Amino acid sequence: MKWHEILVRYGEITTKGRNRNQFIHRLRDNIRHTFKDLENMKVRMERDRMYLSSTSDEEMEQIIERLREVFGVQSYSPVAECPTDLDAMKALAKEIVQTLDYEGKTFKVNVKRSYKDFPLETYELNREVAAYVLSELPGMQVQMKNPEIELRIEVRQEATYMMVEVIQGAAGLPVGSNGKALLLLSGGIDSPVAAYLMMKRGVTVEAIHFFSPPFTSDQSLGKVKELCQIISKFGGKVRLHVIPFTEIQQTIQQAVPKNVTMTTTRRLMMQVSDIVREEVKAKALVTGENLGQVASQTLDSLAAINAVTTTPILRPLITYDKLEIIDIAQKIGTYETSIVPFEDCCTVFTPANPKTKPRTDKIEYYESFTDFDEMIERAVRNREVHNFPQVEVVNDFEDLL
Ligand code: ATP
Ligand code: MG
């Protein structure tokens, strides 16, 4: 099928009042960024629509395929073009309906005749084209109200345009239209999904990972990089800060009772993250935490963790079931990487009986005997920064996937 252009509908962002233009321009920039490998793509904007086109058929197919992943796009339709001539219209109508699984479906032709001098009236055109398509492609039933297949035809003097398919987009808001947040990214299933959900609300995500060599291996870090590579598909660029965490983690083991090491570890992660967050001018911290999954994820634990900062800590997965999270992870392509079995810094140091209802005042008391400030400062200073997407494949554990 040769497509002329792709019509893009914005959906939610059209309701954004005064900020509307800003949102639309952000969406255009994100689309350009997503397709920067396509040399011939052009973007044309109108008030409530955007049109994408390319002189290369192969690029058009790529756009149709990959546009699904761009947040802020409600739906889109490939549009075909033919001369404004009845025979040409019939032929194109047949060709375009044929791209669908049409048998047994309800069908309707919807003509809009902007070119008033065309010899046939709208209703005549409707009838002519519908009769031809139905005779050529048997098995469809005409239905005027809510048909499954609606062939829209716009007749203009210079050309006639047709579309039939409405492809659902990723919806949400264009990434970058709602500021930036710093995500605590582990190698697990949850945090990459949290990243995706934040991006869907228009937030640019930067990631921070706590790495404890030699207790955690380079391969486990490779896994985190691979996850950044995957999620950067949705959010344009993702910057990853890798924090050397061994010194802090070992000190925690000496400093506080075994059953609260988990809570203290989380509190220190938050303190380090908050400093990096401020440096990169992000406005919130994000985690993949979920209520009730593990000992560190009770309301009491969350309260003790939150006590180290007044920065908003967003937890987009807080109410999700594990199966719902896995479902999204599979859909966005992070699941297979997340389940590769490598130790995380937390699993290595997890105590046998972590306290499920830690008291913040007690935790603060235990921690008060150790001066963590210098270690925190060192960890922040010695971090490594990586930018994604990277051209080269980052994982070195391909055989395990
Ligand atoms: P995940 O699947 O994201 O690892 P989880 O259900 O396994 O989550 P935890 O391992 O308790 O739960 O981690 C809770 C959250 O803490 C994670 O979602 C992540 O945001 C953060 N986190 C845990 N470990 C790390 C780490 N090594 N580096 C950065 N963030 C981490
Ligand atoms: Mg985990």
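Conventions adopted
- Residues numbered from 1 in each chain as written.
- Chains lettered and ligands numbered in written order.
- Predicted model: local features only at pLDDT ≥ 70, side-chain atom pairs only at ≥ 80, totals over all residues.
- Heavy atoms only, no water.
- Phe/Tyr/Trp six-rings, centres within 6.5 Å; stacked < 30°, edge-to-face > 60°.
- Helix = DSSP H or I, 4+ residues; strand = E, 2+ residues; numbered from the N terminus.
- Buried < 20%, exposed > 50% of the residue type's maximum accessible area, 1.4 Å probe, protein only.
- Core = buried A, V, L, I, M, F, W, Y, C linked by side-chain atoms within 4.5 Å.
- Contact = heavy atoms within 4.5 Å.
- Domains from an automatic or database assignment.
- Buried area = accessible area lost by both parts, 1.4 Å probe.
- Salt bridge = Lys/Arg side-chain N within 4 Å of Asp/Glu carboxyl O.
- Near = heavy atom within 4 Å.
- Polar contact = N/O pair within 3.5 Å; in protein donor to acceptor, adjacent residues only side chain to side chain.
- Areas by Shrake-Rupley, 256 points an atom, 1.4 Å probe, with all protein chains shown as cover.
- Nonpolar A, V, L, I, M, F, W, Y, C, P; charged D, E, K, R; others polar.
- Pairing = 2+ DSSP bridges.

Draft legend 1. Spatial organisation of the packing of aromatic side chains. Under the criterion given, the structure shown has six aromatic pairs. On the basis of an interplanar angle of 85° and a centroid distance of 5.0 Å, the ring pair of Y196 and F234 is categorised as edge-to-face. In this pair, Y196 sits in helix 5 (residues 190-200) while F234 sits in helix 6 (residues 218-235), placing the two residues 38 residues apart along the sequence. Residue Y196 shares its accessibility class with F234, and that shared class is buried. Note on Y365 and F369: the rings are 5.2 Å apart at their centroids and 85° apart in plane angle, and the pair reads as edge-to-face. Since its relative accessible area comes to 61%, F369 is described here as exposed. Put simply, the rings of F71, Y196 and F234 touch in pairs and so form one group of aromatic residues.

Draft legend 2. Structural view of the nonpolar core. Among the nonpolar cores identified, the biggest contains 47 residues, and I6, I31, L67, V97, F107, L151 and M162 are the most heavily contacted of them. At six residues, helix 3 (residues 86-98) tops the list of elements feeding residues into this core. Residues in contact with L151, not counting those within four places in the same chain, are A93, I96, V97, F107, K108, V109, N110, V129, M162, M163 and V164. Among the nonpolar cores identified, the runner-up in size contains 36 residues, and M199, F211, F234 and I328 belong to it.

Draft legend 3. View of the domain arrangement of the protein. On domain assignment, one finds that the protein holds domain 1 (5-168) and domain 2 (180-400). Of note, the centres of domain 1 and domain 2, computed from C-alpha atoms alone, are 44 Å apart. Listed as interface residues are four residues of domain 1 and, on the opposing side, eight residues of domain 2. Surface buried jointly by domain 1 and domain 2 totals about 590 Å² across both partners, of which 60% is contributed by carbon and sulfur atoms. For K233, the salt bridge goes to E69, with nearest N and O atoms at 3.7 Å.

Draft legend 4. Spotlight on the site of ligand 1. The immediate surroundings of ligand 1 are formed by 22 residues, with L184, S186, D190, S191 and R266 found nearest. In this structure, an oxygen atom belonging to ligand 1 sits 2.7 Å away from a main-chain N or O atom of S191. Protein chains shield 90% of the accessible area of ligand 1, which is 570 Å² for the free molecule. The set of elements that each furnish at least two residues to the shell around ligand 1 consists of helix 5, strand 11 (204-211), helix 8 (261-279) and helix 12 (345-349). Of the residues that constitute the shell around ligand 1, the class distribution is nine nonpolar, nine polar and four charged.

Draft legend 5. View of the sheet that holds strand 11. What the six strands build is an open sheet, ordered 14-13-10-11-12-15; its pairing is mixed. Lying at the two open borders of the sheet, with one neighbouring strand each, are strand 14 (313-314) and strand 15 (384-388). Here strand 11 runs beside strand 12 (residues 238-244); their pairing, made up of five bridges, is parallel. Note that in strand 12 the partner of F211 across the bridge is P244.

Draft legend 6. Fine view of the pattern of salt bridges. A full pass over the atoms with the stated rule returns 23 salt bridges. Measuring nitrogen to oxygen at the nearest pair gives 3.0 Å for the salt bridge that ties K94 to E136. Of the two residues, K94 sits in helix 3 while E136 sits in helix 4 (residues 122-136), which places them 42 residues apart along the sequence. For E136, a relative accessible area of 35% translates into the label partly exposed. As a salt-bridge pair, R359 and D361 come within 2.8 Å of each other at their nearest N and O atoms. Exposure remark for D361: the relative accessible area of 43% places this residue in the partly exposed category. Connected via shared salt-bridge partners are E5, R44 and E46.

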